[in-house]
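Listed here are the chains, written in short residue letters.
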Amino acid sequence: MSLIEQGHCIPIEDLAAHRQLAWERQSAYVARNSPFFQALWDGRTPPKRLEDLPELPFSDKAGLRLSQPAHPPFGTYLAAAPEKVSRLHRTSGTTGQAMNLAMSARDCEITEVVGGRAQALAGLGPGTMVVHCLNYQMWMGGLTDHLTLERTGATVVPFGVGSTELLVRTILETGITAISCTPSYPTVLERVVAEKFPNLAPADLGLKLGLFGGEPGLDDPAYRQRIRDTWGMEPRNANYGVSDVFCNFAAQCEHESDLHFVAHDVLHVELIDPESGAPKPIESGVEGELVLTHLDRECQPLVRFRTGDIISVQGTGPCACGCAGFRFRVVGRSDDMVVVRGLNMFPTMVAAVVSGFAELSGDYRIVLDTPPPYHTLPVRAELAKGKADDGTLAQRLEATLKARLGATATVTLVPAGTFPATEGKTRRVIRTYT
């Protein structure tokens, strides 16, 4: 196994020999056992040196989506014998067709250790009881994230989604002080507390740590402060990952609001220009699409996999928390990007503006009913409960979006409760045209 004890605390330059050896083993394994990459590489031998990886073509989700229906259930990128598959998961399908994920016992072990590093970095550990409120029905976020929580030594309550009134009672009765869920789920809890427990405020539940993942939004200071003010708990993005690669390989710590990469011993990172594919350096201030390569994977190894996530590198030096991996923020997804008169707009950018208005709930949608090009950004923003439009709110929001983002927006206000409160991932960009 390529994992190194506390590997995320070792500078990447000190891991060079380890990573090179891991790539030599992994590349030989992929070339020998993966029909998908044999075809993609067209008989080409993978480079021996890890730094020469850009000689190979990219792989992407579109290719995987074609492979699985043609060769069910796992596609031609299954590189291990079927009897080696220890666990089957399925992606959420938020960005398209749901995919079957195969994992060997070793794949599971590495995934859990790496995820545990991230959860511990975010503040979870022995002596804390955490309730896990993500979907257990095949999604990686359920069982696998549960096991990463256990790796920290914490006591884990496997609650899942639904029965929110029972969840509130469980938190009160057992003394749970941490919750693992999506960033949008506290809104669901707030509504249930208000309706079913009128004598309680959210802060009365006693939650002190919120471990969030699965959706954007945690980079927004206004949203984080709203969580603190409403719940009395510290919000952390403890669960950034790409299901096809690792369910969790980055998290925030108590010292930094940026995500810390925790998997250099088993995962190789590249940054590229999302349009040209040209490589970019992993240096402070550089923005690009995240490309990942497994250095140790048995069932469905991926090489130069385009994640579609656009990130901005914030730092490369060691953090006070001890993590030596580079730090970054997620700007958005390339498939959620909306180009308005040449400006690249991402949902997270809109969220940062919307959440700054006390009259709004913070929930919104970008509804596109025609194909591009776009001259304005159509935003539907939801009023907060008990708040009313003074007749100028839409205009003020449009003016702020223009000033902050540079793009002209057309704002439509909708009543409180218009958007469904979801327990899973929430799509913010809705394309209704065909």
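All values reported here derive from a predicted model rather than from experimental measurement. (Residues numbered from 1 in each chain as written. Predicted model: local features only at pLDDT ≥ 70, side-chain atom pairs only at ≥ 80, totals over all residues. Heavy atoms only, no water.)

Sorry, what's going on with the overall build of the protein here?
What the protein contains, in helices and strands, is ten helices and 21 strands. Relative to the globule expectation of 22 Å for 434 residues, the C-alpha radius of gyration of the protein, 22 Å, shows essentially globular dimensions. Projected onto its principal axes, the C-alpha positions of the protein cover 65 × 55 × 45 Å. Within the protein, buried positions represent 53% of all 434 residues. Within the protein, counting contacts between residues at least 6 apart in sequence, those at least 24 apart form 67% of the total. If you sum the accessible surface of the protein, you get close to 17,900 Å²; carbon and sulfur atoms cover 52% of it. The averaged location of the 49 negative side-chain charges in the protein is 2 Å from the averaged location of its 41 positive side-chain charges. (Helix = DSSP H or I, 4+ residues; strand = E, 2+ residues; numbered from the N terminus. Rg over C-alpha atoms; globule rule 2.2 N^0.38 Å. Buried < 20%, exposed > 50% of the residue type's maximum accessible area, 1.4 Å probe, protein only. Contact = heavy atoms within 4.5 Å. Areas by Shrake-Rupley, 256 points an atom, 1.4 Å probe, with all protein chains shown as cover. Lys, Arg positive; Asp, Glu negative; His and termini not counted. Charge placed at Lys NZ, Arg CZ, Asp CG, Glu CD.)

Where do I start with the environment of Leu53 in this structure?
With respect to the element layout, Leu53 can be found in the loop between helix H2 (35–41) and strand S1 (59–60). Taking C-alpha positions, Leu53 is 9.8 Å from Trp23, a pair spaced 30 residues apart along the chain. Not counting chain neighbours up to four residues away, the residues in contact with Leu53 comprise Trp23, Pro47, His268, Glu270, Thr293, Val303 and Arg304.

Explain the sheet that holds strand S21 (residues 429–431) to me, please; I cannot follow it from the model alone.
In a beta sheet, neighbouring strands are held together by backbone hydrogen bonds and run either parallel or antiparallel to one another. Read across the open sheet, the four strands follow the order S20-S19-S18-S21; overall the sheet is mixed. Among the strands making up the open sheet, the edge pair consists of strand S20 (409–414) and S21. Each adjacent strand pair in this sheet contributes to an overall mean axis angle of 30°, direction not counted. Bridge count between strand S18 (residues 360–368) and S21: three bridges; the pairing is parallel. Note that in S21 the partner of Leu368 across the bridge is Arg431. In the packing of helix H10 (residues 393–405) onto the sheet, contacts are made with S18, strand S19 (377–383) and S20, and the angle to S20 comes to roughly 145°. (Pairing = 2+ DSSP bridges. Axes fitted to C-alpha atoms, helices over the stretch in contact; angles between N-to-C directions.)

Sorry if this is basic, but what is going on with the environment of Leu15 here?
Turning to its location among the elements, Leu15 is positioned in the segment before helix H1 (16–33). Apart from the residues lying within four places of it in its own chain, the contact partners of Leu15 are Ile4, Gly7, Ile10, His264 and Asp265.

Sorry, what's going on with the pattern of salt bridges here?
Should the charged atoms of two oppositely charged side chains come close, the side chains can pair. This structure, assessed with the given rule, holds 20 salt bridges. The closest approach of N and O atoms between Arg87 and Glu112, which form a salt bridge, is 3.3 Å. On the criterion of sequence distance, the pair formed by Arg87 in strand S2 (residues 87–90) and Glu112 in helix H4 (residues 105–121) is long-range, its members being 25 residues apart. This pair shows no difference in class: Arg87 is buried, exactly as Glu112 is. A salt bridge links Glu359 to Arg396, with the shortest nitrogen-to-oxygen separation between them at 2.9 Å. Taken together, the positions of Glu359 in the loop between helix H9 (347–354) and S18 and Arg396 in helix H10 put the pair 37 residues apart, joining distant regions of the chain. (Salt bridge = Lys/Arg side-chain N within 4 Å of Asp/Glu carboxyl O.)

Got a minute to help me understand the packing of H4 against helix H5 (residues 143–150) in this structure?
A pair of packed helices can be characterised by two numbers: the angle between their axes and the separation between those axes. Contact geometry for H4 and H5: axes closest at 7 Å, N-to-C directions at 60°. Note that H4 runs across H5; the crossing there is right-handed. Of the residues in H5, those touching H4 at Thr111, Glu112, Gly115, Gly116 and Gln119 are Thr144, Leu147, Thr148 and Leu149. Here the residues of the contact of H4 with H5 sort into two nonpolar, six polar and one charged. (Left-handed = near helix turned anticlockwise from the far one by under 90°. Nonpolar A, V, L, I, M, F, W, Y, C, P; charged D, E, K, R; others polar.)

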